[in-house]
Amino acid sequence: MNTDFLKYQAQTSPYPLGMEVSHAIGSYIYDTNNKRYLDFVAGVSACSLGHQHPRVNQAIKNQLDSYSHVMVYGEYSQSPAVQYCKLLANLLPPTLNKVYLVNSGTEACEGALKLVRRVTGRSQLISCHNAYHGNTMGSMSVMGFEERKQIFRPLIPDVDFITFNNEDDIQKITTKTAGIIVESIQGGAGFIEPTNDFLAKIKKRCEEVGALLIIDEIQPGFGRTGKLFGFENYNVVPDVIIIGKGMGGGMPVGAFVANEKYMDLLSHNPKLGHITTFGGHPVIAAACLATLQEIIETSLISDTLEKEKLFRQLLVHPLLTEIRGRGLMLAAMTNDVEITNQVILRCQDKGLILFWLLFEGCAIRITPPLTISEDEIREGCAIMMEVLNEIHNS
């Protein structure tokens, strides 16, 4: 491991994987020894089209030749951002028709939380236990995992929590509630899908009491679940969505999207209700536009469900208790944290990149690029089965 990496770059954990990256292309990452690794993680769901996708790369290069950053967000009309927002709005339900571009998923969450308070004039926010929506102070306040946030308290007040898929808890949404934020599929908790119209029932309760529903699409969004956005699988239209990760083809970006009558409130009383220097950056927006065009103009979205079937066929083993999730947002579950750790670490040694989930220690993350081929799926699953057999036999 590069000692300068540990010495000069702040770390997020005591034990980073530490691969020294040379280059990446398609579904593979190469280290500085030119060892090839098949990527089943896609930068934690961010590299929707794999690495160095030619359409995205060309869009970035073309935009760099015209102009890069010229003005803070929202002042100048910059074609890549305008085109992107128009295309995205036209792909969403009619009520989700105005886009605020920001720099990351957690900033999208911050903007959405501010928006529901601005719209309703209320303060209470509700989230779910084991939810993850980002790591800045507002996003952390609606993180449903006390162990990760206790040391940073006090966080923003008037936040309550419900249990995902617990219908009795929906009654906690009252006339004091500004908004509830919920993932269309719980990510850090273990890729848990909503059941029994849970999201639609939350929306109905919100309508009854005048609260707003924010759905977090940062992980499920942009084709990963067999629909453009995860909420489309569950018979619900939210008031606000937050997006990020897969929207930029590997570039840093986020956005929150809502109805124009809500979004326009951020422009006055007070003006600059949300502001960002680099949101809507033209180079990033060009990458987003190319990524979205590629996703919707090809069969990638529908292909995710066929690829899911292949994963489920190939990953059958006594050490795997189930495969959770949908499309190419999958978690292979073991019944032991140490088995999960061994699978992830040994697979990397054998040239396959897997990863963990934030709060569920038994889960093995499988979120490859949408562009992954059937042959690559077979190659990676064979490595997983080899490792699982080694662990099982020992």
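Criteria and thresholds
- Residues numbered from 1 in each chain as written.
- Predicted model: local features only at pLDDT ≥ 70, side-chain atom pairs only at ≥ 80, totals over all residues.
- Heavy atoms only, no water.
- Buried < 20%, exposed > 50% of the residue type's maximum accessible area, 1.4 Å probe, protein only.
- Helix = DSSP H or I, 4+ residues; strand = E, 2+ residues; numbered from the N terminus.
- Pairing = 2+ DSSP bridges.
- Axes fitted to C-alpha atoms, helices over the stretch in contact; angles between N-to-C directions.
- Expected span 1.5 Å × (residues − 1).
- Contact = heavy atoms within 4.5 Å.
- Phe/Tyr/Trp six-rings, centres within 6.5 Å; stacked < 30°, edge-to-face > 60°.

A.B. asks: Is there a simple way to think about the pairing of strand β12 (residues 329–333) in this case?
C.D. replies: Taken residue by residue, a regular strand's side chains alternate between the two faces of the sheet. Among the five residues of β12, five are classified as buried, and the element is accordingly described as predominantly covered. Across five bridges, the pairing between strand β11 (residues 322–326) and β12 is antiparallel. If you follow R326 over to β12, its bridge partner there is M329. Of the strand pairs in this sheet, β12 and strand β14 (residues 363–366) are connected by four bridges, and their pairing is antiparallel. From the neighbouring strand, A332 faces β14, where its bridge partner is I364.

A.B. asks: Please explain the sheet that holds strand β7 (residues 177–183) as it appears in this structure.
C.D. replies: Whether parallel or antiparallel, the strands of a sheet pair through hydrogen bonds between backbone atoms. Taken in spatial order, the seven strands of this open sheet run β4-β10-β9-β8-β7-β5-β6, and their pairing is mixed. In this open sheet, the two strands that pair with only one neighbour each are β4 (98–102) and β6 (159–162). Pairwise comparison of adjacent strand axes, ignoring direction, gives a mean angle of 20° for this sheet. Direction of pairing for strand β8 (residues 212–216) relative to strand β9 (residues 240–243): parallel, over a ladder of three bridges. Its bridge partner being in β9, I214 is matched across the sheet by V240.

A.B. asks: How should I be thinking about helix α13 (residues 374–393) in this particular structure?
C.D. replies: It helps to recall that an α-helix has 3.6 residues per turn; residues three or four apart then point in one direction. The end-to-end C-alpha separation of α13 is 28 Å, in line with the 28 Å expected for 20 residues at 1.5 Å each. Buried within α13 are the following residues: E376, I377, G380, C381, I383, M384, M385, V387, L388 and I391.

A.B. asks: Explain the environment of G210 to me, please; I cannot follow it from the model alone.
C.D. replies: With respect to the helices, strands and loops of the structure, G210 is situated in the loop between α8 (198–209) and β8. Apart from the residues lying within four places of it in its own chain, the contact partners of G210 are T120 and R122.

A.B. asks: I would appreciate a short explanation of unusual backbone geometry in the present structure.
C.D. replies: Of all residues except glycine, most have a negative phi; of all peptide bonds, most are trans. Residue P154 is reached from R153 by a cis peptide bond, and omega for that bond is 10°. The residue P154 is located in the loop between α7 (146–149) and β6 in this model. Phi angles above zero are rare outside glycine, and N165 is one such case at about 75°. By secondary structure assignment, the location of N165 is in the loop between β6 and β7. Residue classification places N165 among the partly exposed residues on the basis of a relative accessible area of 24%. If you check the backbone angles, N235 has positive phi at about 60° while not being a glycine. The residue N235 is located in the loop between β8 and β9 in this model.

A.B. asks: Explain the packing of aromatic side chains to me, please; I cannot follow it from the model alone.
C.D. replies: Given two aromatic rings, their pairing is described by the distance between the two centres and the angle made by the two planes. Enumeration over the complete set of coordinates arrives at nine aromatic pairs. Summarising the aromatic geometry, the rings of Y100 and F256 are spaced 5.1 Å apart at their centres and angled 10° between planes, so their arrangement reads as stacked. Remark: F256 occurs in strand β10 (residues 254–258) and Y100 occurs in strand β4; sequence separation between them is 156 residues. For the pair formed by Y100 and F256, the shared burial category is buried. Between the aromatic rings of F145 and F359, the centroid separation amounts to 4.2 Å while the plane-to-plane angle is 10°, which identifies the pairing as stacked. Separated by 214 residues along the polypeptide, F145 in the loop between α6 (137–141) and α7 and F359 in the loop between β13 (352–353) and β14 bring together distant segments of the chain. The exposure classification of F145 matches that of F359, with both residues buried. Site record: aromatic cluster; members linked through ring pairs are Y73, Y100 and F256.

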